[in-house]
Amino acid sequence: MNGNRTFTMIKPTSFKNGDGGNIIARIIGAGFKIIALKMVKLTPEKAAQFYTEHDGKPFYKSLCSFMSSGPVVCMVLEKEDAVEAYRKFIGATNPDEAAEGTIRKLYGTDLQQNAVHGADSDESANREASFFFSELEIINY
Ligand code: IDP
Ligand code: MG
């Protein structure tokens with residue numbers, strides 16, 4: 001059975017551009033319940049820790065530098081089959097390949113600045129939620 005929680009971040013450029021509010025409104029409109037939310041500015045080291053699975057890939061350093069270039073908005077979301085539903089909602093990694101109406105298609109500008117992060121498995125969702133939030137900060141309705 002799939003879990004009902006996922007983790008997401010609004011990436012620095014989308015927040016800087018003023019798209020944060022619209023993205024959050026769309027997330028809520030699509031039926032995801034926000035059960036944790038905070039804004040943080042990562043250091044390059046913290047970003048590297050968060051994206052450790054990509055260590056060694058050609059885009060790793062640039063990704064960590066980008067993700068620490070400004071504030072990100074972190075959220076834990078609840079919905080049935082949350083991870084899969086959210087990945088579908090945000091669209092493909094590359095905004096050019098993302099389906100019409102998805103967050104990355106609407107707000108992403110290139111492969112790196114693709115508007116939002118979305119966890120890729122229940123295991124990642126749990127790890128990523130714990131990376132940013134304590135138990136007290138995740139609301140149990
Ligand atoms: P995902 O965000 O759809 O799960 P991942 O493959 O996990 O995609 O990559 C993490 C992030 O790294 C992407 O969201 C994107 O910002 C960036 N990224 C992935 N592949 C490339 C690339 O080939 N060039 C530049 N940035 C990339
Ligand atoms: Mg990923």
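Residues numbered from 1 in each chain as written. Chains lettered and ligands numbered in written order. Predicted model: local features only at pLDDT ≥ 70, side-chain atom pairs only at ≥ 80, totals over all residues. Heavy atoms only, no water.

Let's shift gears to the sheet that holds strand β2 (residues 33-40). Strand order across the open sheet formed by four strands is β2-β3-β1-β4, with antiparallel pairing between neighbours. The two strands at the open ends of the sheet, each matched to only one other strand, are β2 and β4 (116-118). Put simply, the sheet's adjacent strands are angled 20° from each other on average, direction ignored. Two elements, β2 and strand β3 (residues 72-78), share seven bridges in a ladder whose sense is antiparallel. If you follow Ile34 over to β3, its bridge partner there is Leu77. Running over the sheet, helix α7 (residues 122-132) touches β1 (5-10), β2, β3 and β4 and is turned about 55° from β1. (Pairing = 2+ DSSP bridges. Helix = DSSP H or I, 4+ residues; strand = E, 2+ residues; numbered from the N terminus. Axes fitted to C-alpha atoms, helices over the stretch in contact; angles between N-to-C directions. Contact = heavy atoms within 4.5 Å.)

Note on aromatic pairs: each is described by the distance of the centres and the angle between the planes. In total, this model carries nine aromatic pairs according to the counting rule given. A ring pair is formed by Phe50 and Tyr51, whose centres lie 5.0 Å apart and whose planes are at 90°; its orientation type is edge-to-face. Residues Phe50 and Tyr51 agree in their burial class; the two are buried. A ring pair is formed by Tyr86 and Phe89, whose centres lie 5.7 Å apart and whose planes are at 45°; its orientation type is tilted. Of this pair, Tyr86 and Phe89 both sit in helix α5 (residues 82-90), three residues apart, roughly one helical turn. Judged by relative accessible area, which is 1%, Tyr86 ranks as buried. Put simply, the rings of Phe7, Phe50, Tyr51, Phe131 and Phe132 pair up and form one aromatic cluster. In this structure, Lys79 is placed above the aromatic ring of Phe32, and the distance from its NZ or CZ to the ring centre is 4.8 Å. In this structure, Arg127 packs its charged tip against the face of Phe50, placed 5.8 Å from the ring centre. (Phe/Tyr/Trp six-rings, centres within 6.5 Å; stacked < 30°, edge-to-face > 60°. Buried < 20%, exposed > 50% of the residue type's maximum accessible area, 1.4 Å probe, protein only. Lys NZ or Arg CZ within 6 Å of the ring centre and 35° of its normal.)

In this section: the site of ligand 1. In the vicinity of ligand 1, the contacting residues are Lys11, His54, Phe59, Leu63, Arg87, Thr93, Arg104, Leu111, Gln112 and Asn114. In this structure, His54 approaches ligand 1 through a side-chain N or O atom, which is 2.9 Å from an oxygen atom. Contact between ligand 1 and Leu111: an oxygen atom at 3.5 Å from a main-chain N or O atom of the residue. Compared with its free state, where it exposes 530 Å², ligand 1 has 77% of that area covered by protein. Considering only residue class, the shell around ligand 1 consists of three nonpolar, four polar and three charged. (Near = heavy atom within 4 Å. Polar contact = N/O pair within 3.5 Å; in protein donor to acceptor, adjacent residues only side chain to side chain. Areas by Shrake-Rupley, 256 points an atom, 1.4 Å probe, with all protein chains shown as cover. Nonpolar A, V, L, I, M, F, W, Y, C, P; charged D, E, K, R; others polar.)

In terms of nonpolar packing, the biggest core is built from 24 residues, with Phe7, Met9, Met67, Cys74, Val76, Phe132 and Phe133 touching the most fellow members. For this core, the secondary-structure elements that each account for two or more residues are β1, β2, α3 (44-50), α4 (60-67), β3 and α7. Top element by residues in this core is α4. It accounts for five residues. Once residues lying within four places of it in the same chain are set aside, the contact partners of Phe7 are Phe50, Cys74, Met75, Val76, His117, Gly118, Ala119, Ala125, Glu128, Ala129, Phe132 and Phe133. Ile90, Ile103, Tyr107 and Ala115 belong to the second-largest nonpolar core, a separate cluster that totals 16 residues. (Core = buried A, V, L, I, M, F, W, Y, C linked by side-chain atoms within 4.5 Å.)

Taken as a whole, this structure holds zero disulfides when the rule is applied. The thiol sulfur of Cys64 is not disulfide-bonded, and the nearest other cysteine sulfur, from Cys74, lies at 15 Å. (Disulfide = S-S within 2.5 Å.)

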